[in-house]
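Here is what each chain is made of, one letter per residue.
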Amino acid sequence: MKTKKIFPVVGMSCASCAARVDKVLNAQPGVYEANINYATASAQVVYNPDECSVSSLKNAVQNAGYDLLVSENQSTDEEVGQAREKKYRQLKIQTWSAVVLSVPIMLISMFFIDYPYMKYVLWILSTVAVLGLGRRFYINAWKQLRHGTSNMDTLVAISTGIAYLFSVFNLLFPDFWLSRGVTPHLYFEAASVIIAFILLGRLLEERAKQNTSTAIKKLMGLQPKTITIVTESGERTVPIEEARVGDTIAVKPGERIAVDGTVLSGESFVDESMLSGEPVPVRKRSGEKVYAGTINQKGAFHFTTDKTGSDTMLAQIIRMVQDAQGSKAPVQKMVDKIAGIFVPVIIGIAVLSFAAWWIFAPAGGFTHGLLAMVTVLIIACPCALGLATPTALIVGIGKGAEHGILIKDATSLEVARKVDTIVLDKTGTITEGHPVVVNAQWKEGAEDSCEVLYSLERLSEHPLAEAIVNELGDEISVPVTGFESIPGRGIKGQWNDETYYVGTPELLRDNGVSVDKELEQKAESWLKDAQTVIWFGNSTEALAVMGITDKIKDTSLQAISQLHKMGLTVYMLTGDNAATAKEIARKTGIKHYKSGILPQEKAIFVKQLQQEGRKVAMVGDGINDSAALAQADLSIAMGKGSDIAMETAMVTILSSDLMKIPETIRLSRLTVKTIRENLFWAFIYNLIGVPIAAGILYPINGFLLNPMIGGAAMAFSSVSVVSNSLRLKRKKIGITANRNNNNEYINEVEHVKEKGMEKKFKVEGMMCNHCRTHVENALNSIDGVKAVVTLEPPVATVEFTKGELSLDELQQVVTSKAGEYKMSEI
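Rules behind the numbers
Residues numbered from 1 in each chain as written. Predicted model: local features only at pLDDT ≥ 70, side-chain atom pairs only at ≥ 80, totals over all residues. Heavy atoms only, no water. Helix = DSSP H or I, 4+ residues; strand = E, 2+ residues; numbered from the N terminus. Buried < 20%, exposed > 50% of the residue type's maximum accessible area, 1.4 Å probe, protein only. Contact = heavy atoms within 4.5 Å. pLDDT = per-residue confidence, 0-100. Pairing = 2+ DSSP bridges. Axes fitted to C-alpha atoms, helices over the stretch in contact; angles between N-to-C directions. UniProt positions renumbered as here; feature names shortened; annotations may be inferred. Phe/Tyr/Trp six-rings, centres within 6.5 Å; stacked < 30°, edge-to-face > 60°. Salt bridge = Lys/Arg side-chain N within 4 Å of Asp/Glu carboxyl O. Patch = residues over 30% accessible without salt bridge, like charges linked within 9 Å, V, L, I, M, F, W, Y side chains within 5 Å. Areas by Shrake-Rupley, 256 points an atom, 1.4 Å probe, with all protein chains shown as cover. Lys, Arg positive; Asp, Glu negative; His and termini not counted. Charge placed at Lys NZ, Arg CZ, Asp CG, Glu CD. Expected span 1.5 Å × (residues − 1). Polar contact = N/O pair within 3.5 Å; in protein donor to acceptor, adjacent residues only side chain to side chain. Parallel < 35°, antiparallel > 145°, perpendicular 65-115°, else oblique. Left-handed = near helix turned anticlockwise from the far one by under 90°. Nonpolar A, V, L, I, M, F, W, Y, C, P; charged D, E, K, R; others polar. Arc of directions from axis to C-beta.

Moving on, we come to the overall build of the protein. Of regular secondary structure, the protein possesses 30 helices and 30 strands. By the burial criterion, 51% of the 826 residues in the protein qualify as buried. Sequence separation of 24 or more characterises 68% of the internal contacts of the protein that already satisfy a separation of 6 or more.

Have a look at this one:
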């Protein structure tokens with residue numbers, strides 16, 4: 001039996017710490033997987049409780065020099081938050097005290113060092129700054145040493161400690177160096193300012209890390225603290241913890257809903273944007289579902305409690321986002337290995353730098369070597385590497401949650417950017433998922449029979465009957481007798497000694513019912529529009545005809561247009577007949593579709609696409625989609641569908657709005673791009689900074705990096721990485737669907753208009769945007785060709801406005817004008 005839990009970790013100060021805790025937890029018997037997130041200071045552990053207890057995990061982490069908070073009280077998260085806030089306040093006081101104290105230390109060192117006793121004043125002030133305000137570095141380094149490990153604090157403690165002790169020795173025993181012809185320098189100001197800079201860097205890093213997790217904090221702040229329960233004696237307000245399933249809850253205008261439930265009485269509009277990302281309030285009437293964290297608008301209503309506490313949708317979303325933010329992207333494994341050996345390697349480089357200076361520069365080698373060693377220890381920063389991936393993931397996954405996109409883990413986010421083919425289930429994904437009456441024509445004077453039609457359909461169990469009942473919901477039921485269901489044809493029943501029929505035209509004709517020409521013409525036109533036609537008549541004549549369809553969602557056309565513009569190939573799968581599938585495909589601009597497909601065939605179709613070398617995303621909402629979702633490279637479930645589809649899927653769209661699919665892919669591309677940028681700068685910083693700190697430029701131009709500048713650079717490297725991740729928050733991932741003044745959707749889709757023939761070609765050999773531009777320009781130079789070429793995926797979308805050209809003709813132009821790029825038809 002597997003159990004997954006997230007525990008706060010105390011005592012981590014850099015990426016090396018996270019690597020150490022990760023190694024310790026993954027080595028424990030019974031632990032399947034442990035992921036340590038330095039950015040959130042948490043451990044996500046998957047373990048077998050029969051083989052591994054929570055207390056054993058805690059002991060293992062404590063033995064490594066850290067601590068794991070394993071309390072399962074409801075107030076644990078709040079206590080952890082308070083403890084971190086207290087730690088942040090302490091860090092803030094220490095930082096600004098060190099900054100203020102470093103000012104007189106710098107002034108004395110530069111202008112007043114030769115005044116009597118000023119060197120001793122400098123010593124006293126530096127002792128307060130280094131050993132007092134910077135004591136955390138020495139305490140943590142000692143703890144690491146006791147456990148045979150090292151981290152970033154070890155580097156800071158060694159470097160500033162050496163500078164401080166060397167200065168004390170030079171102050172008290174200057175003759176030792178003077179007798180050897182060496183001027184004894186004091187480095188009190190370097191040690192003090194380095195401590196101030198590093199503390200400032202830690203403060204800014206902590207502040208930035210807090211900003212990355214604002215999405216989860218917003219979600220956690222959505223649930224109110226109290227709830228109004230309706231009892232026989234009246235209403236009473238109680239703490240949210242006292243809510244029980246089955247309670248009747250009163251909601252007043254403007255209040256936030258506290259638990260999940262079903263509306264009993266009353267009516268209102270509820271703002272569900274914080275859960276679904278959909279800005280338009282949703283109308284709630286009797287029988288409708290309401291969810292914790294959503295905000296009631298102007299109306300008031302009562303609802304019965306269905307789920308409380310950790311079972312509510314809000315709690316499940318928070319849990320899913322926390323799990324995703326705690327997961328690791330594949331690229332993080334390489335970073336973890338580097339972080340695990342980083343500190344020992346840097347200490348080795350620092351010692352070698354000192355030895356090289358002392359050996360090869362006898363005159364000032366000792367002093368220069370000491371400075372080089374201190375600077376190497378200071379400037380090296382594993383923190384930037386450790387923060388590069390998790391901070392981008394936290395912001396990216398959090399941004400997705402704010403838009404109603406729940407991403408299962410970091411791997412899912414990374415896979416999404418590679419997708420080149422989208423497979424859409426029709427029912428409930430492209431369409432609403434439930435039939436509605438869109439057209440109705442009554443024979444003149446026959447409208448009085450509405451009550452009979454309504455009464456007959458209320459007795460039917462057919463899905464189409466529900467659409468008619470909903471359409472005629474205001475009618476009064478009449479006592480129908482002799483009700484009979486005729487499989488494949490329809491239903492019949494009697495009222496006032498007259499027999500009535502509802503169903504196919506064959507049902508009416510077989511029973512001698514005449515069909516009006518006008519009604520027949522209407523029915524034929526609706527059939528051409530892929531509507532299901534239902535006839536209603538009595539024993540002699542047809543009284544009405546109705547067109548029923550599963551409506552295309554308001555935003556589906558615009559979403560599919562966006563997917564095409566992103567260079568993705570879109571397929572539609574449906575179990576419906578070919579005529580209906582063709583019409584839906586025509587209306588939505590989908591060029592590839594399969595009709596009459598069985599549930600098990602969906603997974604086979606996805607596998608066939610994968611065998612062609614495609615990265616496939618499957619989008620569905622039903623139990624019959626679960627096999628295809630599991631087969632796909634990226635599985636996306638519509639949140640209003642079945643729980644099984646949601647559990648199988650890697651991404652869940654809460655609002656079931658197809659516009660969220662292109663948003664998910666854009667979010668994936670932006671997040672992975674940010675991770676790559678972060679890792680690039682983190683690696684480049686260390687690859688360039690460490691050799692310069694060691695003095696590699698000194699033989700060339702006499703430049704030796706000042707330790708204080710190295711300290712400042714190290715401090716701000718982590719901040720720059722986190723700040724780059726925070727830029728994701730301001731990125732736009734979607735295009736707002738067009739609406740009119742009544743908040744109704746306006747569909748403006750190019751694919752509905754007549755266009756020239758369009759084809760897609762895979763382009764091999766493109767390495768950069770320069771290559772892409774060459775291929776695109778070459779194709780567009782052909783008369784009657786409009787082409788758009790994308791790099792990820794490497795696809796050329798070609799529209800022929802004056803007749804289709806062959807692949808060989810296109811390839812010949814590309815080769816002659818762009819170079820050796822190979823095209824193949826998709």
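The share of residues in the protein with pLDDT of 70 or more is 88%, and the mean pLDDT across the chain is 82. When the criterion is pLDDT under 50, residues 739–755 qualifies, and its contacts beyond four places in sequence or with other chains add up to 32 contacts.

Strand order in the open sheet formed by seven strands is 14-26-25-24-15-22-23, and the pairing between neighbours is mixed. One side of each edge strand has no neighbouring strand; the edge strands of this open sheet are strand 14 (405–407) and strand 23 (592–594). Sheet twist, expressed as the average angle between the axes of neighbouring strands with direction ignored, equals 20°. Two strands pair when backbone bridges link them, and strand 14 and strand 26 (residues 651–653) are joined in this way by three bridges, in the antiparallel orientation. Pairing of Leu406 across the sheet is with Thr652, part of strand 26.

Bringing the UniProt feature "transmembrane region" (unreviewed entry) in the protein into the picture now. According to UniProt, the positions carrying the feature "transmembrane region" (unreviewed entry) are residues 93–111, 117–134, 155–173, 185–204, 338–360, 372–398, 679–698 and 704–722. Along residues 117–134 one finds 89% helix and 0% strand; the C-alpha atoms at either end are 24 Å apart.

A few words on the packing of aromatic side chains. Counted by the stated rule, this structure contains eleven aromatic pairs. Ring centres 5.8 Å apart and planes at 65° place the aromatic pair Tyr164 and Phe188 in the edge-to-face group. Of this pair, Tyr164 sits in helix 6 (residues 152–172) while Phe188 sits in helix 8 (residues 188–212), placing them 24 residues apart in sequence. Across the pair, exposure class does not vary: Tyr164 and Phe188 are buried alike. Taken together, the aromatic side chains of Phe111, Phe112 and Tyr115 make up a single cluster linked through ring pairs.

On to the pattern of salt bridges, then. Following the criterion strictly, the structure yields 15 salt bridges and no others. In this structure, Arg509 engages Glu520 in a salt bridge whose closest nitrogen and oxygen atoms are separated by 2.9 Å. Taken as a pair, Arg509 in helix 19 (residues 505–510) and Glu520 in helix 20 (residues 517–528) lie far apart in primary sequence, eleven residues in all. Glu612 is paired through a salt bridge with Arg614; the nearest N and O atoms lie 3.4 Å apart.

Below, the discussion takes up a nonpolar patch on the surface. Judged by side-chain polarity, Val103, Leu107, Met110, Phe111, Phe112 and Tyr115 come together as a nonpolar surface patch covering roughly 620 Å² of accessible area. Tracing the sequence through the fold places Phe111 in helix 3 (residues 76–112).

This brings us to a negative patch on the surface. A cluster of acidic side chains, namely Glu444, Glu447, Asp448 and Glu518, defines a negative patch on the protein surface. Looking at the secondary structure, you find Glu447 in the loop between strand 16 (436–442) and helix 17 (450–459).

Next up on the list: helix 6. The end-to-end C-alpha distance of helix 6, which contains 21 residues, comes to 30 Å, matching closely the 30 Å that a straight helix rising 1.5 Å per residue would cover. Taken across its 21 residues, helix 6 has 16 buried, putting it largely inside the fold.

For the rest of this paragraph, the subject is the sheet that holds strand 9 (residues 268–271). Ordered by their spatial adjacency, three strands build an open sheet running 10-9-12, and the pairing between neighbours is antiparallel. The open sheet terminates on both sides in strands that have one partner only, identified here as strand 10 (282–284) and strand 12 (295–296). Sheet analysis places strand 9 next to strand 12, joined by two bridges and oriented antiparallel. Among the inter-strand pairings, Asp271 is bridged to a residue of strand 12, identified as Ile295.

What follows is about the side chain of Thr421. Tracing the backbone shows Thr421 in strand 15 (residues 421–425). Within the local environment of Thr421, its side chain forms a polar contact with the side chain of Asp420, the two groups lying 3.0 Å apart. Look past the residues within four positions of Thr421 in its chain and what remains in contact with it is Thr569, Tyr571, Leu609, Arg614, Lys615, Val616 and Ala617.

In this fold, Asn296 is placed in strand 12. A polar side-chain atom of Asn296 sits 3.0 Å from the main-chain carbonyl oxygen of Lys252. Residues contacting Asn296, with those up to four places away along its chain left out, are Val251, Lys252, Pro253, Gly254, Glu255, Ser268, Phe269, Val270 and Phe301.

The topology assignment puts Phe169 in helix 6. Judged by its relative accessible area of 31%, Phe169 falls in the partly exposed class. Between the C-alpha atom of Phe169 and that of Pro184, which follows or precedes it by 15 residues, the distance is 9.1 Å.

Bringing the packing of helix 4 (residues 118–133) against helix 6 into the picture now. As a packed pair, helix 4 and helix 6 sit with axes 11 Å apart at the nearest point and diverge in direction by 160°. Considered as vectors, helix 4 and helix 6 are oriented roughly antiparallel to each other. Here helix 4 and helix 6 pass one another in a crossing that is left-handed. Of the residues in helix 6, those in contact with Lys119, Tyr120, Trp123, Ser126, Thr127, Val130 and Leu131 of helix 4 are Tyr164, Val168, Leu171 and Leu172. Its residues assigned to classes, the contact of helix 4 with helix 6 comprises eight nonpolar, two polar and one charged.

A few words on unusual backbone geometry. In this structure, Tyr117 takes a positive phi of about 65° despite not being glycine. Positionally, Tyr117 belongs in the loop between helix 3 and helix 4. A relative accessible area of 66% places Tyr117 in the exposed class. Positive phi values are uncommon outside glycine, yet Asp497 reaches one of about 65°. With respect to the element layout, Asp497 can be found in the loop between strand 18 (490–495) and strand 19 (498–503). In this structure Asp497 comes out as exposed when scored by relative accessible area, which is 83%.

Here we take up the pairing of strand 6 (residues 234–239). Side-chain direction in a regular strand flips from residue to residue, so the side chains alternate between the two faces of the sheet. The pairing of strand 5 (residues 226–231) with strand 6 spans six bridges and is classified as antiparallel. Residue Ile227 lies in a different strand from strand 6, and its bridge partner there is Val238. What sits between strand 5 and strand 6 in their antiparallel hairpin is a turn of two residues.

Attention now goes to the environment of Ala43. For Ala43, the location among the structural elements is in strand 3 (residues 42–47). In this structure the C-alpha to C-alpha distance between Ala43 and Ile6, which are 37 residues apart in sequence, comes to 5.5 Å. In contact with Ala43, other than residues within four places in its own chain, are Lys5, Ile6, Phe7, Val9, Leu25, Asn35, Ile36 and Leu68.

Across three bridges, the pairing between strand 9 and strand 10 is antiparallel. Counterpart to Ser268 in the pairing with strand 10 is Lys284.

This next bit is on helix 30 (residues 807–817). Among all positions in helix 30, only Leu810, Gln811 and Val814 are buried. Along helix 30, the residues classed as buried sweep out an arc of 100° about the axis, all on the same side. Along helix 30, the residues that are exposed and aim more than 90 degrees away from the buried face are Asp808, Gln812, Ser816 and Lys817. Phi turns positive, to about 130°, at Gly819, one or two residues after helix 30.

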